[in-house]
Amino acid sequence: MTKSPSEPGSDVTTTSRRKFMTSTLAGGMAMTGVGRASAQQKPGSAAVANPKNLPPNVPDWSKVLGDGVAAHPYGKPSKFEKHVVRRDVEWLTASRESSVNFTPLHELDGIITPNGLCFERHHGGAAEIKPLDYRLMIHGLVNKPLIFTLDDLKRFPRTNRIHFLECAANSGMEWRGAQLNGCQFTHGMVHNVMYTAVPLKALLEEAGVKPNGKWLLAEGADAAGMTRSIPLDKALNDCLIAFKMNGEALRTEQGYPVRLVVPGWEGNMWVKWLRRIEVGDQPWHTHEETSKYTSLMSDGRARRFSFIMDAKSVVTNPSPEAPLLAKGRNVLSGLAWSGRGKVTRVDVTMDGGRNWQEARIDGLVLDKSLTRFYVDFDWQGQELVIQSRAHDETGYVQPTKNELRKVRGVNNIYHNNGIQTWLVRSNGETENVEIS
Amino acid sequence: MSRFLKRASVAALVLAASASAVLAQQLGVGREATVAEIKAWDIAVRPDGKGLPVGKGTAARGETIFQTQCATCHGEFGEGKGRWPELAGGHGTLKADRPFKTIGSYWPYATTVFDYVRRAMPFGNAQSLSDDDLYAVTAYLLSLNDIVKDPNFELSEKTLPAVKMPNADGFYDDDREVSEKQFWARKPCMKECSKEAAAVIGRAMAVDVTPGQKAGPKVD
């Protein structure tokens, strides 16, 4: 009799798991590189555990001393988690200094993204700025143009906020159909972090915005001089000048020492290495809001200033890099978010949209933040066609990809928040597909 | 206390509160930026010409700079080498299945070329070109796109804002809340929503471009 993995004593090896691994490795040509790599590296799915470490035996780590306290002054993840890293798509861009990598969503849980796994998007590489040499200038239509040091910024009243940052081009490679076989690559240009910050409003009040001030220009100190125009109303409403993420200083690649936080709006506007804020009476129409980050529609015209990230969700497990490994009880897990407010509901289907159920939302449900959902289910090896659908507090319901294409065509590049489909085969292998 | 007095004292309280609110807003943190500091750091240029420095250059002179400092990546004629961005061509392709978005075919404002080259180019040596060189390179890029036709036309802080781009009227402000209002306030079907099982019509594994593979399509 074939042992089911959920049966007692079945955790050394299991027939079904071994079968899955074998088919994965043998089917090398069909399986993607990333699928192979993660399946091989993933410790939980290793085909064979060492019996010497399993009951009734007592493993070495219970006998000999481990590292002392000073061994790792700044702690790193367990060496068994080396496969949990940001990855990039080499063919995507001409250089890695103007490129992007992706958060491994399928390896994470809860709603907070660890700092070292937050995806990176640079246009001129990650600037390294000495905190003592950091300056932020505010000028333009203000009563008193000002220059702040990093210490100056920390003298304003602080606030702590958890927000998602999604690149407007997240899922942008999927407009014409399923292309990248991995949740990390289709949806990994999003992260969710608690920022310690001062409200941008406080700095603007310190400088005194003149009545004709209507727009801001936020500019980075990097070698791309990243610039975006931001409506003053948004700046006064909830924009933040952040210097901590998840309690520690911003990471270099996330804008150390200071970045702009523009809750719910496209990530490109969250200018890193922020060096200058200019107040003006009209937008600047910079490269990043004309040539890029505009949405070309099928009639040949383009939407501009489409700042808000629409409600979106994705099932992170199972997904191509996180296949189902065991029959019986399983946990489906995913993320939902909306740039317009809180996620109110997530629906999940496992039969390609014929029947849906409400997922169980767990943990914090916050404004413009990732929200975690689960469906606990039994799987007997049948083929599954999995989708998730987010609802937000404005009544927006995440559209299908075809619904989006009907309005926008396929050349938008940006703002693809269409419903994602994963096909789970009878051996647990999971693939990015599109369905009729 | 008379009603009037009560009202007056409330008004005084409100006044005091708002005065202290104003005081509270001004923390006296930071120092005033000097005119020279602002001038040196303010490199942004708007379509109306605000921010353009005094200077001038022609496409003829810009060609020399472009061929030595830009063509390695962007190609001799702005056609783009490898995956580096193409800068010219594509006129009339925005409705096509595969649009070709360049300065000439897509960008709404010529001032953006000056602004972007000034802040971000040459890639890896940003903010290195002189103001006259920036006008010259901008003029050359406009000439590659047949927007500036005379190679000796003098582009300057006066003439650049007047350059009309072919796709200047091709943009409109985000209208999703109107044009996509059908995505709001709907009650999606939850049970027995279709008679037939969905068919798989596209597979990422068939496209075969996930990292680990060598080749892939070009995306923006």
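Definitions and cut-offs
Residues numbered from 1 in each chain as written. Chains lettered and ligands numbered in written order. Predicted model: local features only at pLDDT ≥ 70, side-chain atom pairs only at ≥ 80, totals over all residues. Heavy atoms only, no water. Helix = DSSP H or I, 4+ residues; strand = E, 2+ residues; numbered from the N terminus. Buried < 20%, exposed > 50% of the residue type's maximum accessible area, 1.4 Å probe, protein only. Contact = heavy atoms within 4.5 Å. Areas by Shrake-Rupley, 256 points an atom, 1.4 Å probe, with all protein chains shown as cover. Pairing = 2+ DSSP bridges. Core = buried A, V, L, I, M, F, W, Y, C linked by side-chain atoms within 4.5 Å. Domains from an automatic or database assignment. Buried area = accessible area lost by both parts, 1.4 Å probe. Salt bridge = Lys/Arg side-chain N within 4 Å of Asp/Glu carboxyl O. Nonpolar A, V, L, I, M, F, W, Y, C, P; charged D, E, K, R; others polar. Axes fitted to C-alpha atoms, helices over the stretch in contact; angles between N-to-C directions. Parallel < 35°, antiparallel > 145°, perpendicular 65-115°, else oblique. Left-handed = near helix turned anticlockwise from the far one by under 90°. pLDDT = per-residue confidence, 0-100.

Trainee: I'd like to hear about the overall build of chain B, residue by residue, with values.
Mentor: Across its full length, chain B carries eight helices and five strands. For chain B, the α and β elements follow one another from N to C terminus as α-β-α-β-α-α-α-α-β-β-α-β-α. Relative to its 220 residues, chain B shows a buried fraction of 40%. Pairs at least 24 apart in sequence give 59% of the contacts found in chain B among residues at least 6 apart. Roughly 12500 Å² of accessible area belongs to chain B as shown, and the carbon and sulfur atoms make up 58% of that amount.

Trainee: Give me the sheet that holds strand E4 (residues 136-140) of chain A: which residues, what numbers.
Mentor: Taken together, the six strands give an open sheet; going across it, the order is E9(A)-E8(A)-E13(A)-E4(A)-E5(A)-E1(B), and neighbouring strands pair in mixed fashion. Each edge of the open sheet is held by one strand with a lone partner, namely strand E9 (227-231) of chain A together with strand E1 (31-32) of chain B. When strand E8 (residues 215-220) of chain A meets E9 of chain A, the two strands line up antiparallel, connected through five bridges. By the bridge assignment, Ala218 of chain A is partnered in E9 of chain A with Arg228 of chain A.

Trainee: Any chance you could break down the nonpolar core for me, citing the residues and the numbers?
Mentor: If you look at soluble globular proteins, the nonpolar side chains tend to sit buried side by side. Ranked by size, the top nonpolar core spans 100 residues in total, and within it Phe148, Leu200, Leu203, Ile241, Leu274 and Leu332 of chain A carry the most contacts. Both domain 2 (117-303) and domain 3 (312-433) of chain A contribute no fewer than three residues apiece to this core. Each residue touching Leu200 of chain A, except ones within four places of it in the same chain, is listed here: Leu216, Ala235, Cys239, Leu240, Ile241, Leu260 and Ile277 of chain A. Listed in part, the 39 residues of the second largest apolar core include Leu129, Tyr135, Val137 and Phe171 of chain B.

Trainee: Before we move on, could you go through the pairing of strand E10 (residues 240-245) of chain A and cite the residues and values that matter?
Mentor: All names here are of chain A. For E10, the tally of buried residues reaches five of six residues, placing the bulk of the element in the interior. Two strands pair when backbone bridges link them, and strand E7 (residues 190-199) and E10 are joined in this way by five bridges, in the antiparallel orientation. Following the sheet pairing, Ala197 is matched in E10 by Ala242. Of the pairings in the sheet, the one linking E10 to strand E12 (residues 259-261) comprises three bridges and is antiparallel in character. Counted as the bridge partner of Leu240 is Val261 from E12.

Trainee: Go over unusual backbone geometry with me, naming the residues and quoting the values.
Mentor: Asn317 of chain A connects to Pro318 of chain A through a cis peptide bond whose omega is 0°. Position of Pro318 of chain A among the secondary structure elements: in the loop between strand E16 (312-317) and strand E17 (328-337). Cis rather than trans, the peptide bond between Met121 of chain B and Pro122 of chain B has omega equal to -10°. One can find Pro122 of chain B in the loop between helix H5 (110-120) and helix H6 (131-144). The backbone of His285 of chain A shows a phi angle near 55°, a positive value even though the residue is not glycine. Turning to its location among the elements, His285 of chain A is positioned in the loop between strand E13 (274-280) and strand E14 (295-296). For His285 of chain A, a relative accessible area of 9% corresponds to the buried category. Positive phi values are uncommon outside glycine, yet Ala185 of chain B reaches one of about 50°. Tracing the sequence through the fold places Ala185 of chain B in the loop between helix H7 (176-179) and strand E5 (200-203).

Trainee: If you had to explain the interface of chain B and chain A to someone new, which residues and values would you point to?
Mentor: Accessible area lost during the coming together of the parts is what is often quoted as the interface size. Taken together, the contact between chain B and chain A spans 83 residues of the former and 108 residues of the latter. Both sides together, the interface formed by chain B and chain A hides about 8300 Å², and carbon and sulfur atoms give 54% of it. Three residues stand out in chain B for area buried against chain A, namely Trp41, Tyr172 and Met205 of chain B, and they jointly supply 9% of the buried area on that side. In this structure, the connection of chain B to chain A is made through 13 salt bridges. Between Arg176 of chain A and Asp97 of chain B there is a salt bridge, with its nearest N and O atoms 3.1 Å apart. Among the secondary structure elements, those contributing two or more residues to the side of chain B that touches chain A are E1, helix H2 (35-41), H5, strand E4 (171-173), H7, E5 and helix H8 (204-207) of chain B. The residue makeup of the side of chain B that touches chain A, split by class, is 44 nonpolar, 13 polar and 26 charged. Taken together, the three bridges between strand E24 (residues 430-435) of chain A and E5 of chain B define a ladder with antiparallel strand orientation. Bridge assignment links Glu434 of chain A to a residue of E5 of chain B, and that residue is Gly202 of chain B.

Trainee: Can you break down the packing of H5 of chain B against H6 of chain B residue by residue, with the values?
Mentor: All names here are of chain B. Closest axis-to-axis distance for the H5/H6 pair is 9 Å, and the angle between their directions is 130°. As summarised for this structure, H5 and H6 are arranged oblique, according to the angle between their axes. Crossing of H5 over H6 shows right-handed handedness. Residue-level contacts link Ala110, Val113, Phe114, Val117 and Arg118 of H5 to Asp131, Leu134, Tyr135, Val137, Thr138, Leu141 and Leu142 of H6. Classifying every residue of the contact of H5 with H6 gives nine nonpolar, one polar and two charged.

Trainee: With reference to specific residues and values, describe the pattern of salt bridges.
Mentor: Taken as a whole, this structure holds 49 salt bridges over all chains when the rule is applied. In this structure, Arg405 of chain A engages Glu434 of chain A in a salt bridge whose closest nitrogen and oxygen atoms are separated by 2.6 Å. With Arg405 of chain A in helix H7 (residues 401-408) and Glu434 of chain A in strand E24, the pair connects residues that are 29 residues apart, well separated along the chain. Among the ionic pairs, Asp48 of chain B bridges to Arg46 of chain B, the shortest N-O distance being 2.8 Å. Judged by relative accessible area, Asp48 of chain B falls into the partly exposed class, the value being 42%. On the basis of relative accessibility, which here comes to 6%, the residue Arg46 of chain B falls in the buried class. One salt-bridge network, held together by shared partners, links Arg303, Asp310, Arg340 and Arg408 of chain A together with Asp174, Asp175, Arg176, Glu177 and Glu180 of chain B.

Trainee: Before we move on, could you go through the pairing of E16 of chain A and cite the residues and values that matter?
Mentor: Residues and elements named next belong to chain A. The buried fraction of E16 amounts to six of the six residues, a majority that puts the element mostly inside the structure. By the bridge criterion, five bridges tie E16 to E17 in an arrangement that is antiparallel. Counterpart to Ser313 in the pairing with E17 is Ala336.

Trainee: Break down the confidence of the model for chain B for me, citing the residues and quoting the values.
Mentor: In low-pLDDT segments, the atomic positions of the prediction should not be examined closely. Residues and elements named next belong to chain B. Predicted confidence across chain B gives a mean pLDDT of 88, with 85% of residues reaching 70 or more. Considering only residues more than four positions removed or in separate chains, one finds that residues 14-24, a stretch of pLDDT under 50, has zero contacts. This stretch, residues 213-220, has a pLDDT under 50; its non-local contacts, to residues over four places away or in other chains, come to 22 contacts.

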